[in-house]
Each structure stands twice: as structure tokens, then as C-alpha cells.
Amino acid sequence: MFENIILEIQGPIAILTFNRPDKLNAVNAATVDELDQALEQIEANQDLRVLILTGAGQKAFVAGADIHELDKRDTIKGRSATRRRQAVYTRIEQLEIPSIAALNGWTLGTGLEIAMSCSMRIASQKAKLGQPEVKLGITPGAGGTQRLPRLVGVGRAMEMVLTGDPVTAERAMAIGLVNRVVEPDKVLEEARSLAETIAARPRLAIQYAKDAVYQACEGSLAEGLAHESYLHALSCGTEDKQEGIKAFLEKRDPKFTGR
Ligand code: COA
């Protein structure tokens, strides 16, 4: 039903694939709309536990915004396009379930912005990641200047944004931009394995823990600690908490129900 993406549901895992391989999965406005619709379906499906995002073909996750659309972008369109993308990518970040970006190749511009909106990133050894916007005379507009420094620190983000040059997967790993680097044909497998590990954990504890970790990047330490305490208290009221602790004490595997 989508033209630019594919959404597959495999048990508790949703796999969303950017699917314009002949254009290196460059994201145009139609792709953003489809991504938004897919996220709505994902949010409505309470059986899902993890979302994986990846790119079709061997070469790219997403090689940036569609340059043909950028060519026609004036000041007014620049404002509306970035606000729209920011909202949709933030929707990924704020899903109740965690997301994993499986970076199978070029991850540039808006591609890196999407990857950084995911909870975790796994990269192919061949992947290259960058914010090349300045090379086109523009600045990143969908989170690149905001999420990158939060992940890698101001100095490293500054170098990537001001040079526009991509970093290798190995360098991305060294600076904390990706969680794991694997052989090119193992990216999806590794993402699925990580997704399965998380899917086996109790749903509400995962939802609250993800929310608490993101809070670490917002506001003061005091606010973060207060939010953490509140979410911990909520997790203490779940049935899965009773089961998790009982199972440990009884030396057996827990049977989580998601409540
Ligand atoms: N928007 C639209 N089309 C794009 C694109 C983008 N961001 N990135 C790649 N494509 C298209 C190319 O135009 C080409 O299409 P064509 O075969 O119809 O000419 C096709 O995808 C393959 O790309 P090509 O450049 O031939 O591949 P390559 O392996 O030689 O180079 C890159 C790969 C990623 C280095 C190069 O495609 C590139 O620099 N892309 C633009 C990256 C960018 O600046 N993105 C940020 C925008 S903010």
C-alpha cells in the first residue's frame, strides 16, 4: 500500500524499509507522509515491541533528502518541510516501543537525522554517516544540529556539521554514534537479534526505561532524577514486576504478559 517504504510485521517486530534503492532511498515529501502513516499503524498495534528501520538495496540506508525537491525549496518551504520532518522523526523517538536503525550503507543528511531519532543504531562496516548539508549551501534541518551533539558531544558534532564530510562506521562506533558495527550482510540479522532480546523483556518496564533515559538529555539532573523516580514507581505497580521478581526468587524463567 506504500510506494516509498515497506512495512513488514514479523511477530513482535516491525521492519520499516526505505524503498527507493535506485535513488539511494533519498527521502522526499511523499516518503515522509508514508513514514508518518506507518508510525500511526505501529502505534495502534499493541502486539509490537520493537521497530527496525533499514534501507533497500546494498548501498544506502538513506542518502539524504531528495535533492530534486531541495532544488525547489525556498524559505517558506524550508520552514514547513523541516517542521514536518522534525515532527515525524520525533514521533519515532517518542514511540512507546524502542527503535533500531539498521544502517546498511550511506546514512546522510536526513538519513542520519532519522537514524538518530531511533533508540539505537547498528551499522554495516561499509556504512558512512554524515551531515553533508553545508556542502549544498544549507544547514541540517530535521534534528541534525540538535541530536548529533547530544549523541557525540558538541566538538565532534561541530566537526561533522561544519565539514559535511562523512565518518566511517568504525569512527561512528568510536564516538558513540552507533552501538555496533557488523559485516555488511549481518546488519539486519544483528538488529533482529537485539530486537528479540528487548522484545522478551517486560513491555512496560521497557517503555518507562526508554522514557527515563531520554529524560537524561533534557533539563536538569534534578528534573531527570524526579522523572526517573516517577517511572520507577510506575514500573513497581506492574504485574510483570511481580512476576519478574518471583521468577528470580524461584530460579525460573519469567513469563511476562505486558501488564
Ligand atoms: N536525492 C536524490 N537522488 C539521489 C540522492 C539524493 N539525496 N542521492 C543519490 N541520489 C541518486 C543519484 O542522483 C543517482 O540517480 P541517477 O542514477 O538517476 O543519476 C542514484 O541515486 C545513485 O547515486 P550516485 O550518486 O550515482 O551513487 P554513488 O555511489 O556514485 O554516490 C553518494 C553515492 C551517496 C556519495 C552520492 O549519491 C551523494 O553524494 N548523494 C547525495 C548526498 C547528499 O548530499 N545528501 C544530503 C542532502 S541534504
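What counts, and at which threshold
- Within any chain, residue numbers begin from 1 and follow the written order of that chain's sequence.
- Residues qualify for local features only when their pLDDT is at least 70, as the model is predicted, and side-chain atom pairs are given and counted only at 80 or more; totals for whole chains, interfaces and linings, by contrast, use all residues.
- With hydrogens and water stripped out, all remaining heavy atoms of the structure feed into the side-chain values.
- Proximity is defined per residue: if any heavy atom of the residue lies within 4 Å of a molecule or strand, that residue is considered near it.
- Polar contacts, as used here, are pairs of N or O atoms within 3.5 Å; protein pairs need one atom able to donate a hydrogen and one able to accept it. Residues neighboring in sequence count only if both atoms are side-chain atoms.
- The Shrake-Rupley method, run with a 1.4 Å probe, gives the accessible areas here. Residue values count only the displayed protein chains as cover.
- Helix numbering and strand numbering both begin at the N terminus, where a helix is a DSSP run of H or I of at least 4 residues and a strand a DSSP run of E of at least 2.
- All residues other than Ala, Val, Leu, Ile, Met, Phe, Trp, Tyr, Cys, Pro, Asp, Glu, Lys and Arg, Gly among them, are scored as polar; the first ten of these are nonpolar and the last four charged.
- Paired rings are identified among Phe, Tyr and Trp, the last through its six-membered ring, by centres lying within 6.5 Å, and are further divided according to the angle between planes into stacked (under 30 degrees), edge-to-face (over 60) and tilted (the rest).
- Relative accessibility thresholds used throughout: buried, under 20% of the residue-type maximum; exposed, over 50%; partly exposed, between the two (1.4 Å probe, protein chains only).
- Domain delimitation in this document rests on an assignment produced automatically or drawn from a domain database.
- Pairs of residues are marked as contacts when any of their non-hydrogen atoms sit within 4.5 Å.
- Buried area is understood as the total, over both parts, of accessible area removed when two parts are fitted together, assessed with a 1.4 Å probe.
- Salt bridges are counted wherever a side-chain nitrogen of Lys or Arg sits within 4 Å of a carboxyl oxygen of Asp or Glu.
- Here, strands pair whenever DSSP counts at least two bridges between them.
- Think of each axis as a best-fit line through the C-alpha atoms, taken over the contacting stretch in the case of a helix, with angles from 0 to 180 degrees between the N-to-C directions.
- Each angle is binned into one of four classes, with values under 35 degrees roughly parallel, values over 145 roughly antiparallel, values of 65 to 115 roughly perpendicular, and all other values oblique.

1. Quick look at the site of the ligand
So, step 1. In the vicinity of the ligand, 16 residues are found, and the nearest of them are Lys 23, Lys 59, Ala 63, Ala 65 and Ile 67.
So, step 2. Between Ala 65 and the ligand, the recorded distance is 2.9 Å, taken from a backbone N or O atom to a nitrogen atom.
So, step 3. Expressed as a share of its isolated accessible area of 870 Å², the protein-covered part of the ligand is 60%.
So, step 4. Looking at the shell around the ligand, the elements with two or more residues in it are α2 (67–71) and β6 (106–108).
So, step 5. The residue inventory of the shell around the ligand, partitioned by class, reads 10 nonpolar, one polar and five charged.

2. Let's talk about the packing of aromatic side chains
So, step 1. If you walk through the whole model with that rule in mind, you get one aromatic pair.
So, step 2. Measuring from ring centre to ring centre gives 5.7 Å for Phe 18 and Phe 61, while their planes differ by 80°; the resulting arrangement is edge-to-face. Placement of Phe 18 in strand β2 (residues 13–18) and of Phe 61 in strand β4 (residues 60–63) is noted, with a sequence separation of 43 residues between them.
So, step 3. Taking the relative accessible area as the measure of exposure, Phe 18 reaches 1% and is therefore buried.

3. Quick look at the domain arrangement of the protein chain
So, step 1. By the assigned domains, the protein chain splits into domain 1 (5–199) and domain 2 (203–249).
So, step 2. Look at where the C-alpha atoms of domain 1 and domain 2 centre, and you get two points 27 Å apart.
So, step 3. Facing the 16 residues of domain 1 at the interface are seven residues of domain 2.
So, step 4. Summed over both partners, the interface of domain 1 with domain 2 comes to about 900 Å²; 44% of that surface belongs to carbon and sulfur atoms.
So, step 5. Area buried by domain 1 at its contact with domain 2 is led by Arg 49, Glu 96 and Arg 150, which between them contribute 49% of it.
So, step 6. Joining domain 1 to domain 2, the criterion identifies one salt bridge.
So, step 7. When the shortest N-O distance is used, the salt bridge between Arg 203 and Glu 96 registers 3.7 Å.

4. Things to note about the sheet that holds strand β3 (residues 50–55)
So, step 1. Pairing is mixed in the open sheet, where six strands are placed in the order β1-β2-β3-β5-β7-β10. This sheet does not close on itself; its edge strands, each paired only once, are β1 (5–10) and β10 (180–182). Neighbour to neighbour, the strand axes of the sheet diverge by 20° on average, direction disregarded.
So, step 2. Bridge count for β3 against strand β5 (residues 99–103) is four bridges, and the pairing is parallel. Bridged to Ile 52 within β5 is Ile 100.

5. Looking at unusual backbone geometry
So, step 1. Despite not being glycine, Leu 24 shows a phi value in the positive range, around 50°.
So, step 2. Note on placement: Leu 24 falls in the loop between β2 and α1 (29–44).

6. So, the pattern of salt bridges
So, step 1. As enumerated under the stated definition, the model contains 15 salt bridges in all.
So, step 2. The salt bridge partner of Arg 91 is Glu 43, with a shortest N-O separation of 2.7 Å. Remark: Glu 43 occurs in helix α1 and Arg 91 occurs in helix α3 (residues 75–93); sequence separation between them is 48 residues.
So, step 3. Judged by its relative accessible area of 36%, Glu 43 is partly exposed.
So, step 4. Residue Arg 147 is joined to Glu 93 by a salt bridge in which the shortest nitrogen-to-oxygen separation is 2.7 Å. Of this pair, Arg 147 sits in helix α5 (residues 144–152) while Glu 93 sits in helix α3, placing them 54 residues apart in sequence.
So, step 5. Its relative accessible area of 16% is what places Glu 93 among the buried residues.

7. Points about the packing of helix α9 (residues 203–215) against helix α10 (residues 221–236)
So, step 1. The geometry of α9 relative to α10 is characterised by a closest axis approach of 9 Å and an angle of 175° between their N-to-C directions. As judged from the angle between their axes, α9 and α10 are roughly antiparallel. Note on element contacts: α10 touches α9 through Gly 224, His 227, Glu 228, Leu 231, Leu 234 and Ser 235, opposite Tyr 208, Asp 211, Ala 212 and Gln 215.

8. Describing the pairing of strand β7 (residues 120–124)
So, step 1. The buried count for β7 comes to five of five residues, which makes it a mostly enclosed element.
So, step 2. The two faces of β7 match: Met 120, Ile 122 and Ser 124 on one face and Arg 121 and Ala 123 on the other face are all buried.
So, step 3. Examined bridge by bridge, β5 and β7 share four bridges and lie parallel to one another. Of the residues in β7, the one forming a bridge with Ala 101 is Arg 121.
So, step 4. Where β7 lies against β10, three bridges are found, and the strand directions are parallel. Each bridged residue has a counterpart across the sheet, and for Ile 122 the counterpart in β10 is Arg 180.

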